[in-house]
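Chain by chain, the residues run as shown.
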Protein chains: 2
Amino acid sequence: MQQPRCRVSSIGHKSAFGQPNSASLANFAAATASATVVKQMTARGENSSADTAGGEGEPSPKWQLRYWPNVPGRAEFIRLILVEAGQEFSEHCDPEAIYLDFKCQQKTGWPVFAVPMIKQGDFELGQTATICRYLAKRLGLLPDGEPDRWRADQTCATVMDFITEGRLAFHGRNFYESYFGQEAETRPYIDYFERHRLPKFLRHFEQVLSFNAANWDASGGGRFVVGRRVTYCDLCLLHVLRAAESQFPAAWARSIGDCPRLAEFKAGMEDRPRVRDYLSSARCKPFEGNSMM
Amino acid sequence: MQQPRCRVSSIGHKSAFGQPNSASLANFAAATASATVVKQMTARGENSSADTAGGEGEPSPKWQLRYWPNVPGRAEFIRLILVEAGQEFSEHCDPEAIYLDFKCQQKTGWPVFAVPMIKQGDFELGQTATICRYLAKRLGLLPDGEPDRWRADQTCATVMDFITEGRLAFHGRNFYESYFGQEAETRPYIDYFERHRLPKFLRHFEQVLSFNAANWDASGGGRFVVGRRVTYCDLCLLHVLRAAESQFPAAWARSIGDCPRLAEFKAGMEDRPRVRDYLSSARCKPFEGNSMM
């Protein structure tokens, strides 16, 4: 198996994300403008009441999202939450800098094992599901009430398991190496995932929607993972469903007929105004066809 | 690859964990006493102030933990939190019932994809990290303050990634099948994990301890993942370190010398009175030597 190599670079990326508790947003932007691909994600500009950090009514610094370029990947969960909440964010996706900071563990400050990572002011945070929960709390997308918050937490974790297993199916011979080079050898794993695991995950999420629907009347029930309004967990589920449909189209077509609530949920989520605008924009990166990522 | 088969059983397990919002603890205990392996985990009997559910000062029903028998597995994270908090809990680990409820998705009530699952009264919850956070909130083992709570959340997720990757190393040829039958073929994956991934994870957690230590004076700093007192995340990290040491002893011995804070952390956690008593008791199941689970 190939061994990771840590290349030395002098692009000075550490002045961007690397200084603990000191780098100002202005310094960060200046330092990264030339070295990283900075894409300003123009959002609608609505400020939610949650869009102030540290109280005192001051507007928060903009969200920054660090991730590999040109793929939806795990960052898409985070993007969809920021989009639904009408938040502006910038993307920082220079592969060389990510390679050094994360693959080679040269990042300083609060340790983050891998991208995606978000940053706002001096606060940095990693791990996809953690980031999703954090943003949900800041942006009004947590469920109401303790039981539903824990159920959303659990369901979000199962969404992450689904995408992890789906990715593994494309890397059956070696989960550390690219799909390209193992296309033929990983075919049995894809077949197994399509026959057994994908339908099982879809049935599970159908049951989740049914459980929630049973708690509400016909007018408002069953449209969300928990409760009667959209939460971060709905946006996480939306992404994994879109990934599954795109990456396993035949298995999706065979299975989705058994999951009518899930089909309706997906259509409803894709039709939310901000989500719809995002999905039809050039900002939304296409799936590559070689993993769930 | 082998296809999962759903066997039919008449053990009536669904009356145990299967009825949504109706099965009382008394009914549950009666229904499972003959069919499942019920091990009463006698704890010290101290009641923490958190040991009341729903307010009103009534004592909570006992915690119930559902998991596969005879292995520490992912349930060990949960056991250690309950042990540290001095909570009594019972284990329900009949493989047939778990197979039907989870592998065959016959469980009713709130959908849970896989064990481990906890239950208290009518409330059921799945996903290891979710359960750990939930118990931490109920039992006073969350960190103080928002930033540290999110950092603990992130670190707990990285602990779960570590154990997942470690398990995969033992199942390199086929991650759905037993280690036995792929011992020789998975050897390169174990070698790779030992050379590259295990040291990287250990270095990461060493950095986490160093970051926290930098925020405190020498007397109290660096002993925990966040803050100055034990939280759920310390117990999660303890388990994955013990699993890594047990399952990859040579790689552990080569790497731990570079991580002095981590070595000190592990020794300190293992020496906490309740943890020490648990680890030296028959209740603590040994690692099997064929995965991180």
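Residues numbered from 1 in each chain as written. Chains lettered and ligands numbered in written order. Predicted model: local features only at pLDDT ≥ 70, side-chain atom pairs only at ≥ 80, totals over all residues. Heavy atoms only, no water.

According to the UniProt record, the Subunit (unreviewed entry) comment for chain A is "Homodimer." For the record of chain A, the UniProt heading Sequence similarities (unreviewed entry) holds the text "Belongs to the GST superfamily. Mu family." (UniProt positions renumbered as here; feature names shortened; annotations may be inferred.)

Participant: Could you clarify how one ought to interpret the confidence of the model for chain A in this entry?
Facilitator: Detailed reading of predicted coordinates is not advised where the pLDDT is low. Within chain A, residue pLDDT values average 82, and 78% of them lie at 70 or more. Across residues 1-56 of chain A the pLDDT falls below 50, and counting only partners more than four positions away or on other chains, this stretch makes 117 contacts in the model. (pLDDT = per-residue confidence, 0-100. Contact = heavy atoms within 4.5 Å.)

Participant: What should I look at first to understand the relation of the copies chain A and chain B in this one?
Facilitator: For these two chains of identical sequence, chain A goes onto chain B by a turn of 180 degrees and a shift of 0.0 Å along the axis, with RMSD 0.0 Å. Look at the turn and shift together and you get a two-fold axis relating the two. Measuring from the rotation axis to each C-alpha of chain A, the shortest distance belongs to Arg 173 of chain A, at 3.2 Å. Comparing contact sets, 100% of the residues at the interface of chain A also lie at the interface in chain B, consistent with an isologous, same-surface contact. (Least-squares fit on C-alpha atoms with pLDDT ≥ 70 in both.)

Participant: I tried to follow helix H6 (residues 146-169) of chain A on my own but got confused; where do I start?
Facilitator: Owing to its 3.6 residues per turn, the α-helix aligns residues three or four sequence positions apart on the same side. For H6 of chain A, with 24 residues, the first-to-last C-alpha span of 35 Å sits near the 34 Å given by 1.5 Å per residue. Here H6 of chain A lies mainly inside the structure; 18 of its 24 residues are buried. (Helix = DSSP H or I, 4+ residues; strand = E, 2+ residues; numbered from the N terminus. Expected span 1.5 Å × (residues − 1). Buried < 20%, exposed > 50% of the residue type's maximum accessible area, 1.4 Å probe, protein only.)

Participant: Would you explain the UniProt feature "domain: GST N-terminal" (unreviewed entry) in chain A in this entry?
Facilitator: Here, UniProt's "domain: GST N-terminal" (unreviewed entry) annotation points to residues 62-143 of chain A. When the span residues 62-143 of chain A is considered, its composition is 38% helix and 20% strand, and the gap between its end C-alpha atoms is 24 Å.

Participant: Sorry if this is basic, but what is going on with the pairing of strand S2 (residues 63-66) of chain B here?
Facilitator: For a regular strand, side-chain orientation follows a simple rule: the groups alternate between the two sheet faces. Residue and element names in this part refer to chain B. Residue alternation in S2 divides its side chains into two sets, Trp 63 and Leu 65 and Gln 64 and Arg 66, and both sets are buried. Where S2 meets strand S3 (residues 89-92), four bridges bridge the pair, whose relative direction is parallel. Opposite Leu 65, over in S3, you have Glu 91 as the bridge partner. The handedness of the S2 to S3 crossover, carried by helix H3 (residues 75-84), is right-handed. (Pairing = 2+ DSSP bridges. Right-handed = clockwise from strand over helix to strand, strands pointing away.)

Participant: Please explain the packing of aromatic side chains as it appears in this structure.
Facilitator: Given two aromatic rings, their pairing is described by the distance between the two centres and the angle made by the two planes. Throughout the structure, instances matching the rule amount to 30 aromatic pairs over all chains. An aromatic cluster of three or more residues is present, and its members are Phe 113 of chain A together with Phe 162, Phe 170, Tyr 179, Phe 180, Phe 193, Phe 201, Phe 205 and Phe 248 of chain B. Of note, Arg 151 of chain B hangs over the ring of Trp 110 of chain A, and the distance from its end group to the ring centre comes to 5.4 Å. Sitting over the face of the ring of Phe 113 of chain A, Lys 200 of chain B holds its NZ or CZ atom 5.2 Å from the ring centroid. (Phe/Tyr/Trp six-rings, centres within 6.5 Å; stacked < 30°, edge-to-face > 60°. Lys NZ or Arg CZ within 6 Å of the ring centre and 35° of its normal.)

Participant: Can you help me understand unusual backbone geometry in this one?
Facilitator: Note: most residues except glycine have negative phi, and most peptide bonds are trans. Residue and element names in this part refer to chain A. The residue after Val 115, namely Pro 116, is reached through a cis peptide bond having omega 5 degrees. On the secondary structure map, Pro 116 appears in the loop between helix H4 (95-103) and strand S4 (117-120). Of note in the backbone geometry, Gln 127 takes a positive phi value of approximately 75 degrees without being a glycine. Judged by relative accessible area, which is 18%, Gln 127 ranks as buried.

Participant: What am I meant to see in the interface of chain A and chain B here?
Facilitator: Note on interface size: it is often stated as the accessible area lost on association of the parts. With 51 residues of chain A at the contact, the number on the chain B side is 51 residues. Between chain A and chain B, roughly 5,200 Å² of surface is buried when both sides are summed, and carbon and sulfur atoms account for 63% of that area. Contact with chain B buries area across many residues of chain A, yet Trp 110, Phe 113 and Trp 150 of chain A alone supply 16% of it, more than any other trio. One can count four salt bridges joining chain A with chain B. With a shortest N-O distance of 2.9 Å, Lys 137 of chain A and Glu 146 of chain B are connected by a salt bridge. Applying the counting criterion to the chain A and chain B interface returns 28 residue pairs in polar contact (both at pLDDT 80 or more). For the side of chain A that touches chain B, the secondary structure elements donating two or more residues are H4, strand S5 (123-126), helix H5 (128-139), H6 and helix H7 (187-213) of chain A. Split into classes, the residues belonging to the side of chain A that touches chain B amount to 24 nonpolar, 15 polar and 12 charged. (Buried area = accessible area lost by both parts, 1.4 Å probe. Salt bridge = Lys/Arg side-chain N within 4 Å of Asp/Glu carboxyl O. Polar contact = N/O pair within 3.5 Å; in protein donor to acceptor, adjacent residues only side chain to side chain. Nonpolar A, V, L, I, M, F, W, Y, C, P; charged D, E, K, R; others polar.)

Participant: It is not clear to me how the nonpolar core should be interpreted in this structure. Could you clarify?
Facilitator: One finds Leu 135, Phe 162 and Tyr 232 of chain A together with Leu 135, Phe 162 and Tyr 232 of chain B to be the most contacted residues of the largest nonpolar core, which totals 160 residues. Among residues more than four places away in sequence, those in contact with Tyr 232 of chain A are Ile 81, Cys 132, Arg 133, Ala 136, Leu 141, Leu 142, Pro 143, Arg 149, Ala 152, Asp 153 and Cys 156 of chain A. In this structure, Leu 168 and Phe 175 of chain A together with Leu 168 and Tyr 189 of chain B belong to the second largest nonpolar core, which totals six residues. (Core = buried A, V, L, I, M, F, W, Y, C linked by side-chain atoms within 4.5 Å.)

Participant: So what exactly am I meant to see when it comes to the domain arrangement of chain A here?
Facilitator: Residue and element names in this part refer to chain A. Partitioning chain A into domains gives domain 1 (14-139) and domain 2 (146-279). In this complex, domain 1 contributes 20 residues to the contact, which on the side of domain 2 involves 20 residues. Between domain 1 and domain 2, roughly 1,800 Å² of surface is buried when both sides are summed, and carbon and sulfur atoms account for 67% of that area. Between domain 1 and domain 2 we count two salt bridges in total. The element that contributes the greatest number of residues to the side of domain 1 that touches domain 2 is helix H3 (residues 75-84), accounting for seven residues. Across the side of domain 1 that touches domain 2, the residue classes tally to 10 nonpolar, three polar and seven charged. (Domains from an automatic or database assignment.)

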